[in-house]
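Residue-level listing of the chains:
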Amino acid sequence: MSVREQVKLQQTIGSEGHWLLRPFTSPLTLHPSRRILHNGRGFTFIEIMVVVAILAILAALVVPRIMGRTDDAKRTAAKVQIRNLEGALQLYKLDNGVFPSTEQGLKALVEKPSVGVIPKKWKIGGYIPKLPEDPWANPYKYLSPSPKGEYELISLGTDGEVGGEGINADIANWNLDKD
């Protein structure tokens, strides 16, 4: 490779208007006033306060929208868990011809019942790995037979008590599509 090829050339216009060729130099090696790098100056107090104010405004707008959704998310999670338990109960009935009794409870989905009518075709390993708690850390209530149908699955909601309205309302398999 020739010397000419090794040196990058930059074309510039001279003071008389004709082209001059000079070797390419990095902007960092030019005059000190043309340096790209700044001195180590930090942010001013005002700049920091502007950023903090902007973040506070954003938080004031976003946080209330997120915080109000916690109860909705828990209610949705309870509905999903109830639907999953319904699926496991349907598989139990397909294998055994009946739903577990109230006495056997949802525990019959995890381990073979030892009380009431003992199922003859109970699936080894169970129908679910473990019994879930509702999103408020309470056990699901199970009743079979039920006045509302063959069985009733209930989460007592936020307050953990029977009944209630709004976010405290019970969530049951027969009213999942209500809200």
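Everything numeric in this text was worked out from a predicted model, so none of it was measured.

K.L.:
Honestly, the overall build of the protein chain in this entry has me stumped. Any pointers?
P.N.:
Per the secondary structure count, the protein chain includes three helices and five strands. If you take every contact in the protein chain between residues at least 6 apart in sequence, the share linking residues at least 24 apart comes to 40%. Of the roughly 13200 Å² of accessible surface on the protein chain, 61% is carried by carbon and sulfur atoms.

K.L.:
What is the right way to read a nonpolar patch on the surface from this model?
P.N.:
A grouping of Ile 46, Val 50, Val 51, Ile 54, Leu 55 and Leu 58 is seen on the molecular surface, where their side chains present a nonpolar patch of about 570 Å² in accessible area. Within the secondary structure layout, Val 50 lies in helix H2 (residues 45-67).

K.L.:
Help me understand the sheet that holds strand S5 (residues 171-172) in this model?
P.N.:
Strands pair in a sheet through their backbones, by hydrogen bonds, and they do so in one of two ways: parallel or antiparallel. Spatially, S3-S4-S5 is the arrangement adopted by the three strands of the open sheet, whose pairing is antiparallel. What marks the edges here is a single partner per strand, and that holds for strand S3 (141-143) and S5. Looking at chain direction, strand S4 (residues 152-155) and S5 are connected through two bridges and run antiparallel. Bridge pairing in S5 places Ile 154 opposite Ala 172.

K.L.:
I would appreciate a short explanation of the pairing of S4 in the present structure.
P.N.:
In regular strands, side chains alternate between the two faces of the sheet. Both faces of S4 are covered, namely the face carrying Glu 152 and Ile 154 and the face carrying Leu 153 and Ser 155. By the bridge criterion, three bridges tie S3 to S4 in an arrangement that is antiparallel. Residue pairing in the sheet places Tyr 142 in a bridge with Leu 153 of S4.

K.L.:
Which parts of the structure should I look at to understand helix H3 (residues 70-96)?
P.N.:
An ideal rise of 1.5 Å per residue puts 39 Å on 27 residues; H3 measures up with 39 Å between its terminal C-alpha atoms. Of the residues making up H3, those classed as buried are Arg 75, Ala 78, Lys 79, Ile 82, Leu 85, Glu 86, Ala 88, Leu 89, Tyr 92 and Asn 96. Of the residues flanking the end of H3, it is Gly 97, one or two places downstream, whose phi is positive at about 85 degrees.

K.L.:
Could you clarify how one ought to interpret the packing of aromatic side chains in this entry?
P.N.:
Aromatic ring pairs are reported here in terms of the distance separating the ring centres and the angle at which the planes meet. Per the counting criterion, the structure on display carries four aromatic pairs. Summarising the aromatic geometry, the rings of Phe 99 and Tyr 151 are spaced 4.7 Å apart at their centres and angled 55 degrees between planes, so their arrangement reads as tilted. Placement of the pair is Phe 99 in the loop between H3 and S3 and Tyr 151 in the loop between S3 and S4, with a sequence separation of 52 residues. A relative accessible area of 10% means that Phe 99 is categorised as buried. For the ring pair Trp 122 and Tyr 127, a centre distance of 6.1 Å and an interplane angle of 85 degrees mean the geometry is edge-to-face. Like Tyr 127, Trp 122 is buried. Sitting over the ring of Trp 174, Lys 148 keeps its end group 4.1 Å from the ring centre.

Each value, and the rule that gives it
- Residues numbered from 1 in each chain as written.
- Predicted model: local features only at pLDDT ≥ 70, side-chain atom pairs only at ≥ 80, totals over all residues.
- Heavy atoms only, no water.
- Helix = DSSP H or I, 4+ residues; strand = E, 2+ residues; numbered from the N terminus.
- Contact = heavy atoms within 4.5 Å.
- Areas by Shrake-Rupley, 256 points an atom, 1.4 Å probe, with all protein chains shown as cover.
- Patch = residues over 30% accessible without salt bridge, like charges linked within 9 Å, V, L, I, M, F, W, Y side chains within 5 Å.
- Salt bridge = Lys/Arg side-chain N within 4 Å of Asp/Glu carboxyl O.
- Pairing = 2+ DSSP bridges.
- Buried < 20%, exposed > 50% of the residue type's maximum accessible area, 1.4 Å probe, protein only.
- Expected span 1.5 Å × (residues − 1).
- Phe/Tyr/Trp six-rings, centres within 6.5 Å; stacked < 30°, edge-to-face > 60°.
- Lys NZ or Arg CZ within 6 Å of the ring centre and 35° of its normal.

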